[in-house]
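Overview (structure and organization)
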Amino acid sequence: MEPPSLDEYTDISYVPSEPPNNFQSFDIYIPTPRVTSDEQPHHPPPLICFIHGGAWRSEDKLDHTGLARRLASFTGYVVAVPNYRLSPRETTEDNATRHPDHAKDILRFLEFVITWGGPYGTNVYNSNRLCLMGHSCGAHMLSSIFLEVAQGEDPLRPSAELLKSTNAIIMSEGIYDIDLLLSSFPTYRTWFIEAAFGRRSTYGEASVTKMKPRVECHHLQWLIVHSKGDTLVDEAQSEAMYQHLLRDVPHVTRNFGELVEEHNDILKGVEFVKLVGQYIIDHVPPYT
């Protein structure tokens, strides 16, 4: 069967502003519905949202156009890729963008897409069937939203509707325990951690392995992916997160042995798309 053709829409603002802010916009890739001879009614497919990495300070949604197209073609689902505000490489108190600001933008994006529906007022995806993907620091952002801090303020609390609409979360090459990361890669402190989180003696409060699943999230399916070839983020991160979720989450799976490419290279090939694409089809079917 031929892969579906795609309609693509770019630079859609999820936070209204004038002029529009590219850091608070997203692109969307919509498979053209196949025409069937039996005239079955068309059901809008689920929506996949991919949150890119880049150490909280780099990358753009356009860097992942190829991945989005491959995911949409493999699954037949709509794929959206947002930007978010980044931490400047030269950070001052005047220009700092620090956690949780990046994740706040992702939360705004997710709340937007469950009410938006599609371009030109058309309902091109099922907003009740979301699959979220986070790569590297994107995995930390999604975890910060769908897990909750043990005490204190909760600035990343999602709406009840978003919690209900999210069916699965896939995290690849993720950063979860920042102190553990710095024990393996001490130079990351000055490279990007201080810019994203500020200077601290410990980053335990920002480590999602210290956070608990929200009570409304027990229906969620979690998949943690890590490549054997990743030299930028070690497997200890994903193992720590897997063990953490395993204590409190009913549905968590890991795949640490199938991929062999480098940290970002996994996103450029077909094996990653096959792995996560089949998981998405199996765990977030087109409709129920």
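My aim in this report is to walk through the structure given alongside it, one point at a time.

So, on to the packing of aromatic side chains. The full count for this structure, using the stated rule, is 14 aromatic pairs. Between Phe-26 and Phe-112, the ring centres sit 6.0 Å apart and the planes meet at 65°, which makes this aromatic pair edge-to-face. Of this pair, Phe-26 sits in strand S2 (residues 25-31) while Phe-112 is found in helix H2 (residues 101-116), placing the two residues 86 residues apart along the sequence. Exposure remark for Phe-26: the relative accessible area of 0% places this residue in the buried category. Residues Phe-185 and Tyr-188 carry aromatic rings whose centres are separated by 4.7 Å and whose planes lie at 5° to one another, so their mutual orientation is stacked. By relative accessible area, which is 17% here, Phe-185 ends up buried.

With that settled, the discussion passes to the sheet that holds strand S4 (residues 78-82). Taken together, the eight strands give an open sheet; going across it, the order is S1-S2-S4-S3-S5-S7-S9-S10, and neighbouring strands pair in mixed fashion. The open sheet has two free edges, formed respectively by strand S1 (6-13) and strand S10 (252-255), since each of these has just one partner strand. On average, adjacent strands in this sheet sit at an angle of 15° to one another, irrespective of strand direction. Taken together, the four bridges between S2 and S4 define a ladder with antiparallel strand orientation. Counted as the bridge partner of Phe-26 is Pro-82 from S4. Lying over the sheet, helix H3 (residues 137-146) contacts strand S3 (47-51), strand S5 (130-135), strand S7 (166-172) and strand S9 (221-225), oriented at roughly 130° with respect to S5.

Our focus in this paragraph is the pairing of S3. Buried residues dominate S3, accounting for five of its five residues. Burial along S3 is two-sided: Leu-47, Cys-49 and Ile-51 facing one way and Ile-48 and Phe-50 facing the other are all buried. Both S3 and S4 contribute to a ladder of three bridges, which runs parallel. Bridge pairing in S4 links Leu-47 to Val-78.

How each quantity is defined
- What you see as residue numbers is a count from 1 along each chain, following the sequence as written.
- Owing to the predicted nature of the model, reporting of local features is limited to residues with pLDDT of at least 70; listing and counting of side-chain atom pairs is limited to 80 or more, with chain, interface and lining totals taken over all residues.
- Here the side-chain values reflect all heavy atoms present in the structure, with hydrogen atoms and water set aside.
- When the centres of two rings from Phe, Tyr and Trp lie within 6.5 Å, Trp using its six-membered ring, the rings pair. Their planes under 30 degrees apart give stacked, over 60 give edge-to-face, and anything left gives tilted.
- Every helix listed is a DSSP run of H or I at least four residues long, and every strand listed is a run of E at least two residues long, numbered separately from the N terminus.
- Between buried and exposed lies partly exposed: a residue is buried under 20% and exposed over 50% of the maximum accessible area for its type, with that area taken using a 1.4 Å probe on protein chains only.
- Think of it this way: DSSP has to see at least two bridges between two strands before they count as a pair.
- Helix axes use the C-alpha atoms of the stretch in contact, all axes being lines fitted to C-alpha atoms, and the angles between their N-to-C directions lie in the range 0 to 180 degrees.
- Note on definitions: a residue-residue contact is assigned when non-hydrogen atoms from the two residues lie within 4.5 Å.

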